[in-house]
Amino acid sequence: MNPSANTSVTTAGKTSGQAQGALPTTDPALEDALRDGLDAVEVRLRHAVSTTDPIADAPARHLVEAGGKRVRPMLTLLGAHLAAPGSAVVADEVLEAAVVCELTHLASLYHDDVMDSAPTRRGAPAAQQLYGNNTAILIGDLLFARASNVVAALGPEAVLLQAATFERLCLGQLHETVGPRPEEDPVRHYLDVLSDKTASLIATAGRFGALFAGGSEDVVQAMVRYGEDVGVAFQLADDVLDLASDTGESGKRPGTDLREGVPTLPVLLARRAAAEGDVHALAVVGLLDSGRLADDDVLAEAVAALRAHPVTEAARATAREWAHRAATHLAVLPPSPAREALEAYAATVADRVV
């Protein structure tokens, strides 16, 4: 089954609006429009991942049905409302563009989880745990193909933007996998990785919304700059959430990134502090490099030690700086409920608990 703009498919389980929870707006009209838009995107998204092939259907639907915050579709819709204030209904092209961005994101998650050997995603078993690595990789490829199918109907500019974003996603993953060169600052390298691997698609989501709602170049570029910075802030907040969450609200157990050896910002800052002679940081790094993080008690000790060290609060402060900078890009635009919602989202993204 190919994605279609016109579909009567109904959603099962949580809609994206329900998954998102509280939206970043107190404007009733905008909230209603966003919920309606997210619900419409969810219908199209579920339709886009469905297939009549019995081998592919269940694994292709796996991550969509696991839920998610649908941040990228939300920003596509907010970009559209920023471009066309007061509009209760967004253009069909905006909804399709939101599907493109979420499909691309989902496809990348299938690949990421294989590369990271992640046991869970969104509180459910990762796809490769259920279907095997090869199937998960191929399903990721299938979803990239579906995203290409949808974006092709949006015109050559959208295709070029999607291709450029896909290239940055791949380069970000490659640079993360290879790691910094000897002469590179690991923290700077990591921020560059986040810019490509996470922020590029978030920026494209906002760009698509403004573009297909007929926004001026000022609005489009404001959404691009906003997305680039808020995307980095979002991932930096995830780094802290991996340590600060006590109940696994993020869909991963606390310390998952530590156990998998992911070089998050708190870890990189701890290594920098240890190299400068900080004895507490040296103790933290000793735990991280002990080779014993498979032991739940040792992992819990490492999480607690890193959480207690000032580097974790420094990482949160860095996330706040990126989020604040994101909001400043909107100052050139006239006040509107969509602008206020985007500013509110930036203000809370670095301190979120889910």
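The paragraphs below set out a description of the structure included in this document. What you see is a predicted model, and the numbers here were worked out from it, not measured in a lab. (Residues numbered from 1 in each chain as written. Predicted model: local features only at pLDDT ≥ 70, side-chain atom pairs only at ≥ 80, totals over all residues. Heavy atoms only, no water.)

## A few points about the overall build of the protein chain
Alright, step 1. If you tally the helices and strands in the protein chain, you get 16 helices and two strands.
Alright, step 2. Against the compact-globule benchmark of 20 Å for 354 residues, the protein chain has a radius of gyration of 20 Å, which places it among compact chains.
Alright, step 3. Projecting the C-alpha coordinates of the protein chain onto the three principal axes gives extents of approximately 60 × 50 × 35 Å.
Alright, step 4. Excluding contacts between residues fewer than 6 apart, the proportion of contacts in the protein chain whose partners are at least 24 apart in sequence is 74%.
Alright, step 5. With an accessible surface of roughly 15,200 Å², the protein chain has 56% of that area assigned to carbon and sulfur atoms.
Alright, step 6. Distance between charge centroids for the protein chain: 1 Å, based on 29 positive and 48 negative side chains. (Helix = DSSP H or I, 4+ residues; strand = E, 2+ residues; numbered from the N terminus. Rg over C-alpha atoms; globule rule 2.2 N^0.38 Å. Contact = heavy atoms within 4.5 Å. Areas by Shrake-Rupley, 256 points an atom, 1.4 Å probe, with all protein chains shown as cover. Lys, Arg positive; Asp, Glu negative; His and termini not counted. Charge placed at Lys NZ, Arg CZ, Asp CG, Glu CD.)

## A look at the packing of helix 2 (residues 28–49) against helix 5 (residues 92–116)
Alright, step 1. As a packed pair, helix 2 and helix 5 sit with axes 9 Å apart at the nearest point and diverge in direction by 55°. Between helix 2 and helix 5, the angle is such that the two are oblique. Crossing geometry of helix 2 relative to helix 5 is assigned as right-handed. Of the residues in helix 5, those in contact with Gly37, Ala40, Val41, Arg44, Leu45, Ala48 and Val49 of helix 2 are Asp92, Leu95, Glu96, Ala98, Val99, Glu102, Leu103 and Leu106. (Axes fitted to C-alpha atoms, helices over the stretch in contact; angles between N-to-C directions. Parallel < 35°, antiparallel > 145°, perpendicular 65-115°, else oblique. Left-handed = near helix turned anticlockwise from the far one by under 90°.)

## With respect to the pattern of salt bridges
Alright, step 1. Summed over all chains, the structure comprises 21 salt bridges.
Alright, step 2. For Glu31, the salt bridge goes to Arg35, with nearest N and O atoms at 3.5 Å. Of this pair, Glu31 and Arg35 are both found in helix 2, four residues apart, which corresponds to roughly one turn of the helix.
Alright, step 3. A relative accessible area of 26% means that Glu31 is categorised as partly exposed.
Alright, step 4. Residue classification places Arg35 among the partly exposed positions, given a relative accessible area of 26%.
Alright, step 5. Residue Glu184 is joined to Arg181 by a salt bridge in which the shortest nitrogen-to-oxygen separation is 3.9 Å.
Alright, step 6. By relative accessible area, Arg181 is classed as partly exposed at 46%.
Alright, step 7. Through salt bridges with shared partners, a single network forms among Glu42, Arg46, Arg70 and Glu102. (Salt bridge = Lys/Arg side-chain N within 4 Å of Asp/Glu carboxyl O. Buried < 20%, exposed > 50% of the residue type's maximum accessible area, 1.4 Å probe, protein only.)

## Quick notes on the environment of Val193
Alright, step 1. Its place among the elements puts Val193 in helix 9 (residues 186–212).
Alright, step 2. For the pair Val193 and Arg181, spaced 12 residues apart in the sequence, the C-alpha separation amounts to 13 Å.
Alright, step 3. Contacts of Val193, omitting those with residues within four sequence positions, involve Gly172, His175, Glu176 and Thr198.

## Considering the nonpolar core
Burial of nonpolar side chains together is a common tendency in soluble globular proteins.
Alright, step 1. Counting 100 residues, the largest nonpolar core has Leu75, Tyr226 and Leu258 as its most contacted members.
Alright, step 2. Among the elements that make up this core, the one with the highest residue count is helix 5 (13 residues).
Alright, step 3. If near-sequence neighbours (up to four positions away) are discounted, Leu258 is found in contact with Asp242, Leu243, Val267, Leu288, Leu293, Leu299, Ala302, Val303 and Leu306. (Core = buried A, V, L, I, M, F, W, Y, C linked by side-chain atoms within 4.5 Å.)

## With respect to the packing of helix 4 (residues 71–83) against helix 10 (residues 217–244)
A pair of packed helices can be characterised by two numbers: the angle between their axes and the separation between those axes.
Alright, step 1. It is the contact of helix 4 with helix 10, at a shortest axis distance of 11 Å, that shows an interaxial angle of 155°. Compared by their axis directions, helix 4 and helix 10 come out roughly antiparallel. Relative to helix 10, the crossing made by helix 4 is right-handed. Of the residues in helix 10, those touching helix 4 at Val71, Leu75, Gly79, Leu82 and Ala83 are Val219, Met223, Tyr226, Val230 and Phe234.
Alright, step 2. Along the lines of polarity and charge, the residues of the contact of helix 4 with helix 10 split into nine nonpolar, one polar and no charged. (Nonpolar A, V, L, I, M, F, W, Y, C, P; charged D, E, K, R; others polar.)

## Observations concerning a nonpolar patch on the surface
Alright, step 1. There is a patch of nonpolar side chains on the surface, built from Leu171, Leu174 and Val178 and spanning about 270 Å² of accessible area.
Alright, step 2. Mapped onto the secondary structure, Val178 falls in helix 8 (residues 156–178).
Alright, step 3. Since its relative accessible area comes to 62%, Val178 is described here as exposed. (Patch = residues over 30% accessible without salt bridge, like charges linked within 9 Å, V, L, I, M, F, W, Y side chains within 5 Å.)

## What to know about the side chain of Arg44
Alright, step 1. With respect to the helices and strands, Arg44 occurs in helix 2.
Alright, step 2. Residue class for Arg44 comes out buried when judged on its relative accessible area of 11%.
Alright, step 3. Side chain to side chain, Arg44 and Asp92 meet in a polar contact 2.6 Å long. (Polar contact = N/O pair within 3.5 Å; in protein donor to acceptor, adjacent residues only side chain to side chain.)

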